[in-house]
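Residue strings, one per chain:
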Amino acid sequence: METHSAEIPVGFLEVTEPLAGIAEKNGYAVERLSSKTIITAPLGQVSFVGDEKITKLRFSSRTKAELQLFKELYADRLKKLGLGAKIKWEKSAGSIPFNQIRCEVTSCGRISNNFKRLRLQGNFSVFAGDSAGLHFRFLLGPAGVGWPYLDDNGLTLWPLGISEWHRPVFTVRRIARDAKWIEVDIALHIGGRVTNWLKELKVGDEIAINGPSGMKMPMADKMFLFGDETAMPAIMRILENNPPGTRVNATLALRDAKDLQATPDGKQLTIKTVKMEDESALLNELYENCHKFSDCFLFFAAERSQSSKAREFIKTSSILVKSSKISSYWTKTN
């Protein structure tokens, strides 16, 4: 486990109760003792020990990347509580945030009418294995300011402020056996910030990403996967990495059916495409197949309003899925 500590000259209850309330609201476990509180969350565990004058915090996470995210999440929450200026962090060595990877572009080319594939070279060992998150963020910042770096407290300092950075989330489509490269499939959109960035990108350029994050590789005997083109990289990664005996039913909403990527052989797989311009098509497939969902893993990822409808449908229905992940991958702006 990776750990980091901090201290606040503020009473135990004043620090812990608001944070414990947020954790409980999010559905995370909170253990309260007389002078100690422990919060367990997906990124790790944070313990609070203190009295009426001081509170000590200790963060524990499985990996350094998760620890970086975890302590910065709580640094932000403490700041919103008006305690940010009072917290004293254990000093950290190094200057690169633990969840940041600096890598080199080795190729970038069109793989279909609406997709480009980007290959990056670097040390991606944190993405290896089924317990790693499938996603990451590109770090696209103002020209000439350098990459984000660690301050003396071990927190990420963003040149010119984090609001000046575009940090879109993408999926690791493939990773090398030795984790020395990853591939990323990117849907192209006229006027899109990432699409325009790709036009200027050259082989040999250095870029930086933050990760891993988000959903881990799901495993189940039966899966139903629904997504629009932005979710195709994640769905294809799931299809390729599950055992041959897994029964998978996938539906993809695409602008062009020719964008559909080749599916792996030897899988019990049914895959269907619908028109992405028909905003009801993907949801209709979800509704029409719901009677088959018993004891399965259910995945749905698309535009925010569609994902919200899918989430509400699953929540209010009597469907007994084994587990599910419903995500918003983008938001319509008009």
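Parameters at a glance
Residues numbered from 1 in each chain as written. Predicted model: local features only at pLDDT ≥ 70, side-chain atom pairs only at ≥ 80, totals over all residues. Heavy atoms only, no water. Helix = DSSP H or I, 4+ residues; strand = E, 2+ residues; numbered from the N terminus. Rg over C-alpha atoms; globule rule 2.2 N^0.38 Å. Buried < 20%, exposed > 50% of the residue type's maximum accessible area, 1.4 Å probe, protein only. Pairing = 2+ DSSP bridges. Arc of directions from axis to C-beta. Contact = heavy atoms within 4.5 Å. Axes fitted to C-alpha atoms, helices over the stretch in contact; angles between N-to-C directions. Parallel < 35°, antiparallel > 145°, perpendicular 65-115°, else oblique. Left-handed = near helix turned anticlockwise from the far one by under 90°. Nonpolar A, V, L, I, M, F, W, Y, C, P; charged D, E, K, R; others polar. Phe/Tyr/Trp six-rings, centres within 6.5 Å; stacked < 30°, edge-to-face > 60°. Lys NZ or Arg CZ within 6 Å of the ring centre and 35° of its normal.

**Student:** Could you give me a rundown of the overall build of the protein, with the residues and numbers involved?
**Tutor:** Broken down by element type, the protein carries 6 helices and 20 strands. Radius of gyration (C-alpha) of the protein: 22 Å, near the 20 Å computed for a compact globule of 334 residues. With the principal axes as the frame, the protein shows a C-alpha extent of 65 × 50 × 40 Å. Across the 334 residues of the protein, 46% fall into the buried class.

**Student:** Break down the sheet that holds strand 13 (residues 174-175) for me, with residues and values.
**Tutor:** Read across the open sheet, the 7 strands follow the order 12-9-15-7-8-14-13; overall the sheet is antiparallel. Strands at the two margins of the open sheet, each flanked by one partner only, are strand 12 (169-171) and strand 13. Examined bridge by bridge, strand 7 (residues 100-112) and strand 15 (residues 206-216) share 5 bridges and lie antiparallel to one another. Across the sheet, residue I101 finds its bridge partner in strand 15, namely I209.

**Student:** Mind laying out helix 3 (residues 193-200), listing which residues take part and the relevant values?
**Tutor:** Taken together, the buried positions of helix 3 are V194, T195, W197 and L198. Down the axis, helix 3 shows its buried residues gathered within 160 degrees of arc, on one side only. Along helix 3, exposed side chains directed more than 90 degrees from the buried face belong to R193, K199 and E200. Close packing links the buried residues of helix 3 with strand 7, strand 8 (115-121), strand 9 (133-138), strand 12, strand 14 (181-187) and strand 15.

**Student:** Run through the sheet that holds strand 17 (residues 247-254), naming residues and quoting values.
**Tutor:** Spatial ordering of the open sheet is given by 18-17-16-19-20, a layout of 5 strands whose pairing is parallel. A single partner strand is all that each edge strand has here, and the edge strands are strand 18 (268-275) and strand 20 (323-330). Across this sheet, the average inter-strand angle for adjacent strands is 10 degrees, counted without regard to direction. Bridging between strand 16 (residues 222-228) and strand 19 (residues 297-303) involves 5 bridges; their strand directions are parallel. Bridge pairing links F226 to F300 in strand 19. Its contacts with the sheet place helix 5 (residues 281-289) against strand 16, strand 17, strand 18 and strand 19, and it is angled at close to 160 degrees to strand 16. Each of strand 19 and strand 20 touches helix 6 (residues 304-316); the most contacted strand, strand 19, lies at about 150 degrees to it.

**Student:** Residue-level account of the packing of helix 5 against helix 6, with values.
**Tutor:** At a minimum axis separation of 10 Å, helix 5 and helix 6 run at an interaxial angle of 15 degrees. Judged on the interaxial angle alone, helix 6 and helix 5 are roughly parallel. Read as a crossing pair, helix 5 and helix 6 show a hand that is right-handed. On the side of helix 5, the interface is formed by L282, L283, L286 and Y287, while helix 6 contributes Q306, K309, A310 and F313. Of the residues contributing to the contact of helix 5 with helix 6, the split by class is 6 nonpolar, 1 polar and 1 charged.

**Student:** Explain the packing of helix 1 (residues 12-25) against helix 2 (residues 64-80) residue by residue, including any values.
**Tutor:** In the contact formed by helix 1 and helix 2, the axes pass within 11 Å of each other and the chain directions differ by 120 degrees. Crossing geometry of helix 1 relative to helix 2 is assigned as right-handed. Contacts between helix 1 and helix 2 involve V15, L19 and I22 on the former and, on the latter, Y74, R77 and L78. Here the contact of helix 1 with helix 2 is built from residues that sort into 5 nonpolar, no polar and 1 charged.

**Student:** I'd like a description of the packing of aromatic side chains, backed by residues and values.
**Tutor:** Summed over the entire model, instances satisfying the criterion amount to 13 aromatic pairs. For the ring pair F138 and W197, a centre distance of 5.0 Å and an interplane angle of 55 degrees mean the geometry is tilted. In this pair, F138 sits in strand 9 while W197 sits in helix 3, placing the two residues 59 residues apart along the sequence. Using a relative accessible area of 18% as the deciding quantity, one classes W197 as buried. Positioned over the ring face of F98 is K64, at 5.4 Å from the centre of the ring.

**Student:** So what's going on with the pairing of strand 8? Residues and values would help.
**Tutor:** A large share of strand 8 lies buried, amounting to 5 of its 7 residues. Here strand 7 runs beside strand 8; their pairing, made up of 7 bridges, is antiparallel. Within the sheet, the bridge partner assigned to S112 lies in strand 8 and is F115. In textbook terms, the turn of a hairpin is the stretch between consecutive antiparallel strands, and for strand 7 and strand 8 this stretch comprises 2 residues. Two elements, strand 8 and strand 14, share 7 bridges in a ladder whose sense is antiparallel. Within strand 14, the residue paired with R119 across the bridge is E183.

Don't take any of this as a statement about function, it's just geometry.
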